[in-house]
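Residue-level listing of the chains:
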Amino acid sequence: MLSILVCHSYFLRLDQKQIARAKPYPPLATLQLVSLLREAGHQVSFFDAMLAEGIDEYDRLLESDAPQLVLFYEDNFNFLSKMCLATMRRAACDMIGSARRAGARIIAAGPDVSDAPGPYLRAGADLALVGEGLSTLLEVLPRLDSKLDTDSDNLVRGLSGIASISSGKVVKASGTKGLALAQDAGLAAWDLVDMDRYRAVWMKAHGYFSLNMAASRGCSFRCTWCSKPIWGNQYLQRNPLEVAAEMAHLKRAFNPDHIWFADDIFGFRVDWVTQFASAVRAADALVPFTIQTRADLISERMALALRDAGCKEAWIGAESGSQKVLDAMNKGTTVAEILTARDRLKRVGIRVGFFIQLGYLDEQVEDILATRDLLATARPDEIGVSVSYPLPGTKFYELVKAQMRAKTHWHESNDLDMMFQGTYTSDFYRAVRNLLHDQVSLQTADVPLPPEHERATDAIERRWQELLRNELKYRSSDQKSASIA
């Protein structure tokens, strides 16, 4: 059987914002793949870039293991992999180059690989898997196992879901449809993770240790800006008993203080969450956890079921306080539902975070002020603020691609740079982000003395007024022209 080095290219050290945040998680989808390959009988080694000092660690492993195949499988549950930060793409291409020089065959897979296989293939990858790629990969490996030096054309013959270079051009192989997506890749290869290294980072920065899980894959909703290169619009949900059993395993093996569920939407149906809550308690597997969800899914029953299962924090894609913007995004939720969801979760003791998105098409200053008002009314415990990011394959990307500038990817996750001609410049949105964060920090701070609170509130209001007075100078060039006309 093949000797395979499985790796990914998300180096925490290349993203200053995430270094400061200090919340690293092992690459879940990558580790699930390792388990799948082990079960198939392959000799598998693993390189985890997350906490590595640099590519030198990878090069040393490549030299010592001398694998026949190097398989780059990015963590599909890491939203930063979906965004494809420029630093991470460069790291992946450098790693592919090292594997090529070592004489290994190379397969690449992941969100960015699916959207843009060209850079990876030109860096030296033999094949690029499009989408999740597990079923297609399981058809490719026997071909490599029987003849390692088979050329790419023969390797992909009759298969779909693969991109390769033929006659100097990137082509997607056509052929019979691959097997159905594997709904459950099984227990991840947690034994290969340097847990002490992860635990040390978490304990030093936060005083507790968190691990990651996923109870589902994909999302069936169709927000215009959300890229789905891996699972499309499918929502594949695991059996709640299996998820509870995995949580029990993590609790007994590694004793985490907290679990982060990386699902796009956790639970979805209240009956599933209720079954999960019962299974967790029956297995003595209760660990406090954080989820992502939607406002329109938080019924009173759902809030109670989440509490009973151990949920301590829920992040909602609020996006905007303007119904006009939410409708333009095809979000499918209302401002009223956001407020109701916040209230229901708060009443059962679950902390709430809001994801806020600035700069969507035709967002005007009144829409931004509506978002400010939403935060003042809902009073979330925490927020994350970004600007609209055009990802290939989305309706939003198609709407703005004619306005796209030379920069097509953020360098790091703290970039917050507009990549299309929005209403305002990047500097304006950065100023709004800072004001919104300061507003929420003041709202959630331990109650200060009244004079101090009043002074802090007045200071934020003065900054808002100054920004609004100068609003015109922050408008994009075409927006300025429209205002003058």
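Note: the structure precedes this text.
Residues numbered from 1 in each chain as written. Predicted model: local features only at pLDDT ≥ 70, side-chain atom pairs only at ≥ 80, totals over all residues. Heavy atoms only, no water.

## Examining helix H11 (residues 240-254)
Okay, step 1: In this model H11 runs 21 Å from its N-terminal to its C-terminal C-alpha over 15 residues, within 8% of the 21 Å that 1.5 Å per residue would give.
Okay, step 2: Among the residues making up H11, those that are buried are Pro240, Val243, Ala244, Glu246, Met247, Ala248, Leu250 and Phe254.
Okay, step 3: Those residues of H11 that are buried are in contact with helix H10 (195-206), strand S8 (210-213), strand S11 (258-261), helix H12 (270-282) and strand S12 (289-293).
Okay, step 4: The backbone nitrogen of Leu241 has a side-chain oxygen 2.7 Å away, supplied by the residue at the start of H11, namely Asn239.
Okay, step 5: Positive phi shows up at Asn255, right after H11, with a value of about 50 degrees. (Helix = DSSP H or I, 4+ residues; strand = E, 2+ residues; numbered from the N terminus. Expected span 1.5 Å × (residues − 1). Buried < 20%, exposed > 50% of the residue type's maximum accessible area, 1.4 Å probe, protein only. Contact = heavy atoms within 4.5 Å. Polar contact = N/O pair within 3.5 Å; in protein donor to acceptor, adjacent residues only side chain to side chain.)

## Details of the pairing of strand S15 (residues 382-387)
Okay, step 1: Here S15 shows one buried face, formed by Ile383, Val385 and Val387, and one open face, formed by Glu382, Gly384 and Ser386.
Okay, step 2: Alignment of strand S14 (residues 351-358) against S15, held across 6 bridges, turns out to be parallel. Looking across to S15, one finds that Gly353 is bridged to Glu382. (Pairing = 2+ DSSP bridges.)

## What about unusual backbone geometry?
Okay, step 1: The backbone of Glu319 sits at a positive phi, close to 70 degrees, despite the residue not being glycine.
Okay, step 2: Located in the positive-phi region is Asp362, a residue other than glycine, with phi close to 65 degrees.
Okay, step 3: Structurally, the position occupied by Asp362 is in the loop between S14 and helix H16 (365-378).

## Considering the pattern of salt bridges
For side chains of opposite charge, pairing can occur when their charged atoms come near one another.
Okay, step 1: If you walk through the whole model with that rule in mind, you get 25 salt bridges.
Okay, step 2: Residue Arg105 pairs with Asp126 through a salt bridge whose shortest N-O separation is 3.2 Å. Of this pair, Arg105 sits in strand S4 (residues 105-109) while Asp126 sits in the loop between helix H7 (118-123) and strand S5 (127-129); the two residues are 21 residues apart in sequence, bridging distant segments of the chain. Pair check on accessibility: Arg105 and Asp126 agree, each one buried.
Okay, step 3: Between Asp284 and Lys251 there is a salt bridge, with its nearest N and O atoms 3.7 Å apart. Of this pair, Asp284 sits in the loop between H12 and S12 while Lys251 sits in helix H11; the two residues are 33 residues apart in sequence, bridging distant segments of the chain. (Salt bridge = Lys/Arg side-chain N within 4 Å of Asp/Glu carboxyl O.)

## Section: the sheet that holds S11
Okay, step 1: What the 6 strands build is an open sheet, ordered S8-S11-S12-S13-S14-S15; its pairing is parallel. Where the open sheet ends on each side, the last strands, each with one partner, are S8 and S15. For this sheet, the mean inter-axis angle between neighbouring strands, taken without regard to orientation, is 20 degrees.
Okay, step 2: Packed onto the sheet, helix H18 (residues 426-444) meets S14 and S15 and runs at close to 175 degrees relative to S15. (Axes fitted to C-alpha atoms, helices over the stretch in contact; angles between N-to-C directions.)

## Considering helix H13 (residues 300-309)
Okay, step 1: Restricting attention to buried positions, one finds in H13 the residues Met302, Ala303, Ala305, Leu306 and Ala309. Along H13, the residues classed as buried sweep out an arc of 165 degrees about the axis, all on the same side.
Okay, step 2: Just beyond H13, the residue with positive phi is Gly310, at close to 110 degrees. (Arc of directions from axis to C-beta.)

## Considerations on the side chain of Ser45
Okay, step 1: Topologically, Ser45 is positioned in strand S2 (residues 43-47).
Okay, step 2: The residues touching Ser45, leaving out its near neighbours within four places in the chain, are Ile4, Leu5, Val6 and Asp65.

## So, the state of the cysteines
Cysteine pairs can be covalently joined through their sulfur atoms, and such a bond is termed a disulfide.
Okay, step 1: Throughout the structure, instances matching the rule amount to 0 disulfides.
Okay, step 2: Summary of cysteine pairing: Cys7 is not part of a disulfide, and the nearest cysteine sulfur, belonging to Cys93, is at 12 Å.
Okay, step 3: The thiol of Cys311 is unpaired, and the distance to the nearest cysteine sulfur, on Cys219, comes to 18 Å. (Disulfide = S-S within 2.5 Å.)

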